[in-house]
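Remarks on the overall topology
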Amino acid sequence: MNSGLLAPPAVRAGGTSSRPPEASLTWTDPVTGRQGFLVVDRLVRGLASGGLRMREGCCQEEVRDLAAAMSVKEALHYDPEHRYLPMGGAKGGIDCDPLSSEARGVLTRFLAFIRPYVANHWATGDDLGTTTELIDEVLRELGVEGCITPVVATLDDPEAARKRFADAFAVEVDGIRLAELVGGCGVAEAALTVLDREGTPRSSATAVVQGFGAMGGSTARFLHAAGIRVVGISDVHGTVANPRGLAVEDMLRHRGPHGAIDRSRLGSADILLDRDDCLSLAADVLVPAATSYTVHEANHDRVTARYIVEAANLPVTAAAEDRLRARGCVVVPDVVANSGTNAWWWWVLYGDVAPDAESSLAKVRGALRDLVTETLKLAEDAGWTPRQAARHLADARRDVLLNRPGA
Ligand SMILES: NC(=O)c1ccc[n+]([C@@H]2O[C@H](COP(=O)([O-])OP(=O)(O)OC[C@H]3O[C@@H](n4cnc5c(N)ncnc54)[C@H](O)[C@@H]3O)[C@@H](O)[C@H]2O)c1
């Protein structure tokens, strides 16, 4: 491909475009004054997919970027051989501490206000500060069956789909739910793919993971299982490092609620560091798996890794990404690296994968390896960033999807 013939797609951080979303709504809670946001980046077949987050400081711009990234994640996994037909992207966000006493009331009133969307168009789920179980519970109180109601309504055999979904969500592997593992499995596979491409043997490769919750914990598990030395892991309280490698499975076994590392159970050679020190630990791969905008203009020069594989949504700002690229650090974007969870939900629901661990993890691995390989190859050939390449692939796949006979 000749980069002189094809202009790179305009993208912001998170693989989003400058194109305005189809709908954007700001809600103010009449009881607490807290704000909630719903952004529908685009509907495809009248549907959009994307989680609902709750955190103090959540803002409309963040939700808009996340919604646009969801459109890209959906389209990237279009496969004409699949029953799953990708949707558009949407996202919800509430500016409220999820652990505060007012949180549940705010969530309930927000979902009541946007009920027509969750009942008919927006298939949602957990994100930072929420769980699928909690959203389902609130929706049931509002007379909506659950998070995935709009999609289930379009299926030929809703009962069978519901059963597959429930079966898959009941699976656990060594103490962690499959639904939590698939995302990290995909992120780890993305990291392994970039290392394999450059010929780095797993036995000498190192990684650092920022965050030890659903994404960070499961990514660390799969990297460790693949023979990568995980030399640093952080949580909201600080970083734990060990240049010889952390005992990841022990740390997972003793992990506390909300992804907390149990510091009373660490090995004697483990070192306690400040929270943001994880960014500068020497490693081949840095996996940000915590908050958005964590690598920015003021701290990108602390990063020493050659690859950043984005498990979190929007962890690297656009300005930081430009600087990192200039000094040779490759960012595997969130829309690719962490897309395994979203795709897996729909593969299970539509019946493209069996609701068991073996088939699910194998499918996520295969899909992520192919997607990372295609994205990086296009980026190299066209002289684009991987994020621009992912956006281009998504646009092309959505065009094919929308132009299918009968679409
Ligand atoms: N859970 C999923 O399936 C999924 C899928 C795609 C993307 N994501 C994204 O991944 C990110 C993490 O989600 P999660 O579900 O793992 O969250 P989580 O709440 O399960 O875990 C978050 C972890 O990050 C840590 N943390 C919080 N602030 C930190 C900071 N400043 N520095 C270091 N660690 C910090 C917490 O202590 C915890 O260990 C979010 O951006 C989310 O949108 C999650």
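Residues numbered from 1 in each chain as written. Predicted model: local features only at pLDDT ≥ 70, side-chain atom pairs only at ≥ 80, totals over all residues.

1. What to know about the environment of isoleucine 176
The criterion, for reference: Here a strand is any run of E in DSSP of at least two residues, a helix any run of H or I of at least four, and the numbering for each starts at the N terminus. Remark: residues whose backbone-derived C-beta atoms lie within 7 Å of one another are considered to be in contact.
Within the element layout of this structure, isoleucine 176 appears in strand S8 (residues 176-177). Each C-alpha atom, one on isoleucine 176 and one on alanine 214, is 9.0 Å from the other, the two residues being 38 residues apart in sequence. In this structure isoleucine 176 touches Leu181 and Ser218, once residues within four positions along its chain are discounted.

2. Description of the site of the ligand
Our working definition: Here, nearness is defined through the C-beta atom: a residue counts as near a molecule or strand if that backbone-placed atom lies within 6 Å of it. Under this grouping Gly is polar, as are all residues other than the nonpolar Ala, Val, Leu, Ile, Met, Phe, Trp, Tyr, Cys and Pro and the charged Asp, Glu, Lys and Arg.
What surrounds the ligand is a group of 26 residues, the closest being Gly211, Gly213, Gly259, Ala290 and Ala312. Those elements giving two or more residues to the shell around the ligand turn out to be helix H8 (214-225) and strand S10 (229-235). No other element matches H8, which puts 3 residues into the shell around the ligand. Considering only residue class, the shell around the ligand consists of 10 nonpolar, 13 polar and 3 charged.

3. Brief notes about the confidence of the model for the protein chain
The criterion, for reference: pLDDT is a residue-level measure of predictor confidence that goes from 0 to 100.
Considering every residue of the protein chain, the mean pLDDT works out to 94; 95% of them sit at 70 or more. Residue range residues 1-5 is modelled with pLDDT below 50. Its contacts to residues more than four positions away, or to other chains, number 5 contacts.

4. Here we look at the pairing of S10
Here is the rule we go by: Three classes are used. A residue is buried when 20 or more other C-beta atoms lie within 10 Å of its own, exposed when 12 or fewer do, and partly exposed in between, with C-beta atoms placed from the backbone. Whether two strands pair comes down to DSSP finding at least two bridges between them. Look down the strands so they point away from you; if the path from the first strand over the helix to the second goes clockwise, the crossover is right-handed.
Most of S10 is tucked away: 7 of the 7 residues are buried. With 5 bridges connecting them, strand S9 (residues 206-210) and S10 associate as parallel partners. Of the residues in S10, the one forming a bridge with valine 209 is isoleucine 233. Note on the crossover from S9 through H8 to S10: the handedness is right-handed. Summarising the sheet, S10 and strand S11 (residues 238-241) pair through 4 bridges and their orientation is antiparallel. What sits directly across from isoleucine 233, in S11, is valine 240. As consecutive antiparallel partners, S10 and S11 are separated by 2 residues.

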